[in-house]
Each structure stands twice: as C-alpha cells, then as structure tokens.
Amino acid sequence: MPRLHRAFALIGLLLLTQMATAEKLRLVADAWPPFTDATLVNGGVATDIVSTALARAGYASDFEQVPWARALMGVGEGRYDVLVNAWYNEERTKLGQFSGEYLLNRVRFIKRKDAPIEYDNLQQLHTYPIAVVRGYAYSPEFDNDEALQKIPVHNFAMAVRMLAADRVQLTLEDEFVARYYLARESSKVRNSVEFLPKPLSENSLHILVSLKNPEHEQIVAGFDREIAAMKADGSYERLLRQHGM
C-alpha cells in the first residue's frame with residue numbers, strides 16, 4: 001500500500017508540474033534594446049520589469065523574441081498572452097487589453113549633421129523622406145499624417161544607416177534605443193547624425209494582454225497593482241539602475 005501511495009503522489013506531482021508549465025504566460029516582444037532583447041540580462045529592462053511584476057502577481061512566464069509584426073499578430077490570435085512593449089493606439093485594443101503605464105519613451109527625430117532641418121511642427125517635415133520601422137506606432141499625429149513621406153524599414157539600425165548614406169533625410173526612435181544602437185554603429189555612421197532638439201512625443205509603455213486569454217482583465221489588474229507596489233517599495237528603481245537607466 002505505501003508503494004501505491006507513493007505512486008499516486010508521484011503522479012499527482014507530475015500533473016501539478018504539467019499544469020504549472022501549461023499555465024505559464026507566454027510573453028513576447030521584438031528585439032528593442034535596451035528595453036527588450038533576449039541577449040541582454042533578463043531580456044532587457046522592460047522584460048525584466050514585466051516578468052517581475054507578473055511573478056509578484058502570481059503568474060509565471062516564458063519569454064520569446066520574434067519580429068514585431070509576428071508578435072503583434074500572435075497576441076491577436078492568442079498564440080502569445082502578453083506583448084511586453086506596446087505603445088497605446090486604438091487599433092491594438094481590438095487585439096488585447098492595455099495595462100497602465102510602466103515606462104516612458106521619449107521619441108526624437110534624427111537627421112544628418114550637415115542637413116539644415118528644423119522641427120517645430122510636422123508640416124515642416126512633409127518634404128523629407130523619413131525612415132520608419134514597419135508596424136510601429138510613434139504618435140497619433142505622426143501616424144495619421146498622410147503628407148509625411150514614410151519609408152518603411154525592418155529596424156532602426158537599417159534606418160540610421162540609410163540616413164547616414166543620404167537615402168532618407170530623417171528617422172526617429174526612442175532616445176534610449178537610438179543611443180544604444182548608435183553606440184554599436186561605426187564611427188562614420190555615429191558621428192554623421194544628431195538628434196533634433198524637440199521630441200515628437202513622449203509615449204507611455206504598456207503590456208498588451210491578449211483578449212484570447214480568458215483572464216486578461218485579472219492579469220492586467222494584477223500587473224498594475226504590482227507595478228505600483230514595486231514603485232512604492234523601491235524595487236522598481238533598483239531594476240532600472242541594474243539596467244543602467
């Protein structure tokens with residue numbers, strides 16, 4: 001009989017392990033260092049903050065890195081539960097539920113140093129080809145301005161190299177992201193470009209939880225609660241410092 005009990009206990013443990021594994025939230029993001037990148041410590045600062053807050057809320061998670069368009073589509077289809085790094089726009093509310101803000105991104109235009117481009121309003125930029133990352137939302141005003149000459153590219157690294165090569169006149173990106181990539185570019189590229197002083201926007205960063213997940217409201221509520229708690233107990237600031245921010 002003791003052997004039978006041990007067998008049942010072992011089966012029960014295996015079932016619990018399988019259930020725990022099955023219930024892990026599937027986190028997804030594209031490569032967007034220093035915020036999200038599988039090669040960085042804990043997947044980058046945004047991934048670290050998100051997975052930590054979710055763990056405190058009682059949700060284990062796994063992280064997968066895929067191209068942006070695939071990540072967004074996967075959340076909409078329910079193949080992933082949580083998009084780690086989403087800026088708000090109305091169209092995305094059809095795919096998932098947004099959390100509250102957990103980071104702030106400051107988007108700035110970048111030009112070649114020898115280009116006499118000034119920016120106070122978007123109308124001034126209508127004559128300039130601008131490299132944009134395909135599928136990104138920068139700001140409602142920018143995204144909806146059909147007079148802007150937007151040239152879709154795969155990523156910021158490609159955009160800034162096109163800028164340095166005079167194939168476009170401008171590009172734009174979160175300031176921390178741009179500085180991260182520029183530090184890894186050749187001196188020829190890095191020294192040929194500069195930020196325009198005025199930012200396009202300050203965008204709040206959120207998680208986007210798939211509407212296909214039946215617990216999406218609870219996940220968002222738990223995440224928001226724990227982000228507030230992390231800011232109150234100092235663990236949020238400690239994570240930022242650990243990632244050099």
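Residues numbered from 1 in each chain as written. Predicted model: local features only at pLDDT ≥ 70, side-chain atom pairs only at ≥ 80, totals over all residues. Heavy atoms only, no water.

Can you walk me through the side chain of Lys111 in this structure?
Inspection of the secondary structure puts Lys111 in strand E5 (residues 103-112). Judged by its relative accessible area of 7%, Lys111 falls in the buried class. Polar contacts involving the side chain of Lys111 include one to the main-chain carbonyl oxygen of Ala115, which spans 2.8 Å. Only 2.7 Å separates the side chain of Lys111 from the side chain of Glu194, close enough to count as a polar contact. (Helix = DSSP H or I, 4+ residues; strand = E, 2+ residues; numbered from the N terminus. Buried < 20%, exposed > 50% of the residue type's maximum accessible area, 1.4 Å probe, protein only. Polar contact = N/O pair within 3.5 Å; in protein donor to acceptor, adjacent residues only side chain to side chain.)

I would appreciate a short explanation of the environment of Gly222 in the present structure.
By the element assignment, Gly222 lies in helix H8 (residues 216-233). Given a relative accessible area of 3%, Gly222 falls into the buried group.

Can you help me understand the pattern of salt bridges in this one?
When their charged atoms lie close together, side chains carrying opposite charge are able to pair. For the structure on display, the rule yields 14 salt bridges. Residue Glu91 is joined to Lys94 by a salt bridge in which the shortest nitrogen-to-oxygen separation is 3.3 Å. You can call Glu91 exposed: its relative accessible area is 52%. For Glu194, the salt bridge identified is with Lys111, shortest N-O distance 2.7 Å. Of this pair, Glu194 sits in strand E9 (residues 193-210) while Lys111 sits in strand E5, placing them 83 residues apart in sequence. Connected via shared salt-bridge partners are Arg56, Arg225, Glu226 and Asp233. (Salt bridge = Lys/Arg side-chain N within 4 Å of Asp/Glu carboxyl O.)

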